[in-house]
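Descriptive analysis of the structure
Okay, here's what each chain looks like letter by letter:
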Amino acid sequence: ASVTAQLSGGTLGGLLDARGELIEPARNEIGRLAAALSLRLNEINAQGLDLAGVPGGALLSAPATAARPAADNTGTATAAVTYADSAQLRADEYLLSFDGSNYALRSVATGAPVSLAGSGTAADPFVFDGLEVVVSGGAAAGDRFLIQPFRAAAGDVAVVETDPRRVAAAAALGAVGDNRNALLLAGVASERILEGGAASAVSVNATLIARAGSAAQ
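Parameters at a glance
Residues numbered from 1 in each chain as written. Predicted model: local features only at pLDDT ≥ 70, side-chain atom pairs only at ≥ 80, totals over all residues. Heavy atoms only, no water. Helix = DSSP H or I, 4+ residues; strand = E, 2+ residues; numbered from the N terminus. Buried < 20%, exposed > 50% of the residue type's maximum accessible area, 1.4 Å probe, protein only. Contact = heavy atoms within 4.5 Å. Salt bridge = Lys/Arg side-chain N within 4 Å of Asp/Glu carboxyl O. Pairing = 2+ DSSP bridges. Expected span 1.5 Å × (residues − 1). Arc of directions from axis to C-beta. Axes fitted to C-alpha atoms, helices over the stretch in contact; angles between N-to-C directions. Core = buried A, V, L, I, M, F, W, Y, C linked by side-chain atoms within 4.5 Å.

So, about the side chain of Asn 181. Looking at the element boundaries, Asn 181 is found in helix α3 (residues 180–186). A relative accessible area of 3% places Asn 181 in the buried class. With sequence-adjacent residues up to four places away left out, Asn 181 is seen in contact with Ile 44, Asn 45, Gln 47, Gly 48, Ala 168, Ala 169, Ala 170 and Ala 171.

See below:
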């Protein structure tokens, strides 16, 4: 049984507070930034043409997502999570639960319910906060899944294209020497790809740094 909730005050309590209030939210935010940037860079590169006039491919690997079944689940269901819309991603973790008839989703950070669209099948996945979830197998009443989209995302992103000739610098309809797609790639950090298109990776990162600095005072 967890005793974390029973610990408060002192050095140990302070360390636990720092983990829950600063470190874990920051890790999820950094993971969200990594996921959004990798998805957008790959998307931009696929829109252009490389040195040989061929459409570009993935530059970075997509970070893995996690949906861990609870240890006391009695069904055989598994859940697979994928990124669907980087602009809608939220730096949160979720608890997906099944009551025997329906699935429900809650934010781990706040406990608030999160609206689910879809039915959870491959043809009609659950959709929420820029994510898609497909549940396979048979769930039993009381089964739960902890969805952690960003916990390890920053460490999962890796370069998969090392040949500079495969960078799709030219726009799809560009002439020789066209660099319009290269400019899009170079400017992705300042592009508003987060918070529904209202914030850039640069601005979100600046907010994260300011929050961490304030909490450390």
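A few words now on the pattern of salt bridges. For the structure shown, the criterion picks out 11 salt bridges. Between Arg 40 and Glu 43 there is a salt bridge, with the nearest N and O atoms lying 2.5 Å from each other. Here Arg 40 pairs with Glu 43, and both are found in helix α1 (residues 10–47), just 3 residues apart, close to one helical turn. Given a relative accessible area of 14%, Arg 40 falls into the buried group. The class of Glu 43 is partly exposed, set by a relative accessible area of 43%. One network of salt bridges, with partners in common, ties together Glu 24, Glu 93 and Arg 151.

Let us now look at the pairing of strand β4 (residues 103–107). Look at any regular strand and the pattern is simple: side chains alternate between the two faces of the sheet. Pairing geometry for strand β3 (residues 94–98) and β4, over 5 bridges, is antiparallel. In the sheet register, Phe 98 faces β4, and the bridge partner there is Tyr 103. Connecting the antiparallel pair β3 and β4 is a turn made up of 4 residues, with Gly 100 showing a positive phi of about 105°.

Taking 1.5 Å per residue, 16 residues should reach 22 Å; helix α4 (residues 201–216) reaches 22 Å between its end C-alpha atoms and fits that length. Considered for burial, the residues of α4 that qualify are Ala 201, Val 204 and Leu 208. End-on view of α4: buried residues confined to an arc of 70°, all on one side of the axis.

Let's shift gears to the sheet that holds β3. Reading across from one edge, β1-β7-β3-β4 is the order of the 4 strands in this open sheet, with antiparallel pairing throughout. Looking at the sheet topology across the chains shown, the edges are occupied by β1 (66–69) and β4. Going across the sheet, the axis of each strand differs from the next one's by a mean of 25°, ignoring polarity. With 4 bridges joining them, β1 and strand β7 (residues 144–148) adopt antiparallel strand pairing. Counterpart to Arg 68 in the pairing with β7 is Leu 146.

Judged by which residues are buried, strand β2 (residues 78–83) turns out to be one-sided: Ala 79, Val 81 and Tyr 83 face inward and are buried, whereas Thr 78, Ala 80 and Thr 82, on the alternate face, are not. Bridging between β2 and strand β6 (residues 131–136) involves 6 bridges; their strand directions are antiparallel. Bridge pairing in β6 places Tyr 83 opposite Leu 131.

With that settled, consider the sheet that holds β6. Pairing in this open sheet of 3 strands is antiparallel, and the strands run β2-β6-β5 from one edge to the other. Only two strands of the sheet have a single neighbouring strand rather than two, namely β2 and β5 (126–128). Averaged over all neighbouring strand pairs, the angle between strand axes comes to 25°, with direction disregarded.

By size, the foremost hydrophobic cluster in this structure holds 20 residues, and its most contacted members are Phe 128, Val 133 and Ile 147. Every element with two or more residues in this core is listed here: β2, β3, β5, β6 and β7. In this structure Ile 147 touches Ala 66, Ala 67, Val 81, Glu 93, Tyr 94, Leu 96, Leu 105, Phe 128 and Val 133, once residues within four positions along its chain are discounted.

Attention shifts here to the side chain of Glu 29. Within the element layout of this structure, Glu 29 appears in helix α1. Taking the relative accessible area as the measure of exposure, Glu 29 reaches 10% and is therefore buried. Discounting residues that sit within four places of it in the chain, Glu 29 has contacts with Ala 91, Val 204 and Leu 208.

Note that every value here comes from positions in space, so none of it alone points to a role or purpose.
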